[in-house]
Amino acid sequence: MSHHATTISTAAIVLAAIAALLALGSAVWAIARLQAFEPRWTLSARHVIAEAGLRASSAWAEFGDWIRLGH
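In this report, we go over the structure that sits alongside the text. Please read all numbers here as calculations on a predicted model, not as lab measurements.

Calculation notes
Residues numbered from 1 in each chain as written. Predicted model: local features only at pLDDT ≥ 70, side-chain atom pairs only at ≥ 80, totals over all residues. Heavy atoms only, no water. Helix = DSSP H or I, 4+ residues; strand = E, 2+ residues; numbered from the N terminus. Buried < 20%, exposed > 50% of the residue type's maximum accessible area, 1.4 Å probe, protein only. Polar contact = N/O pair within 3.5 Å; in protein donor to acceptor, adjacent residues only side chain to side chain. Phe/Tyr/Trp six-rings, centres within 6.5 Å; stacked < 30°, edge-to-face > 60°. Salt bridge = Lys/Arg side-chain N within 4 Å of Asp/Glu carboxyl O.

**Brief notes about the environment of Gly-70**
Working step 1: Mapped onto the fold, Gly-70 is located in the segment after helix H2 (40–68).
Working step 2: Judged by relative accessible area, Gly-70 falls into the exposed class, the value being 63%.
Working step 3: The spacing of Gly-70 and Ala-30 is 40 residues in sequence and 50 Å in space, taken between C-alpha atoms.

**Considerations on the side chain of Thr-42**
Working step 1: On the secondary structure map, Thr-42 appears in helix H2.
Working step 2: Assessed through its relative accessible area of 18%, Thr-42 is described here as buried.
Working step 3: Reaching out from Thr-42, the side chain makes a polar contact with the backbone oxygen of Pro-39 at a distance of 2.6 Å.

**Side note on unusual backbone geometry**
Working step 1: One non-glycine residue, Ala-36, lies in positive phi territory at about 60°.
Working step 2: Mapped onto the elements of the fold, Ala-36 is located in the loop between helix H1 (10–34) and H2.

**Re the packing of aromatic side chains**
Working step 1: Summed over the entire model, instances satisfying the criterion amount to two aromatic pairs.
Working step 2: Both rings, one in Trp-60 and one in Phe-63, keep their centres 5.7 Å apart while their planes meet at 40°; by these two values the pair is tilted. On the criterion of helical spacing, the pair formed by Trp-60 and Phe-63 is a turn pair, its members being three residues apart in helix H2.
Working step 3: For Trp-60, a relative accessible area of 63% translates into the label exposed.
Working step 4: The exposure class of Phe-63 is partly exposed, given its relative accessible area of 39%.

**Some points on the pattern of salt bridges**
Working step 1: Here the structure, examined in full by the defined rule, presents two salt bridges.
Working step 2: Residues Arg-55 and Glu-51 are paired through a salt bridge, measuring 3.0 Å at the closest nitrogen-oxygen approach. With Arg-55 and Glu-51 both in helix H2, this residue pair falls four residues apart, about one helical turn.
Working step 3: Overall, Arg-55 belongs to the exposed group, its relative accessible area being 58%.
Working step 4: When its relative accessible area of 29% is taken as the criterion, Glu-51 is described as partly exposed.

Given below as structure tokens:
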């Protein structure tokens, strides 16, 4: 019966640390959302992102029309 030494690679340790940080960040975010904590800047950021999405979709639709009409 042979005994194999089990070693954990550096990459596995780094991946586990990243996963732990992501889990911790998600837990903190979830607790903050449950307590209805919303900083003022998130409201303006949400508006800016929505506006950018609207403008991008309009530009894409305009480009599609331009291509479809053969220009």
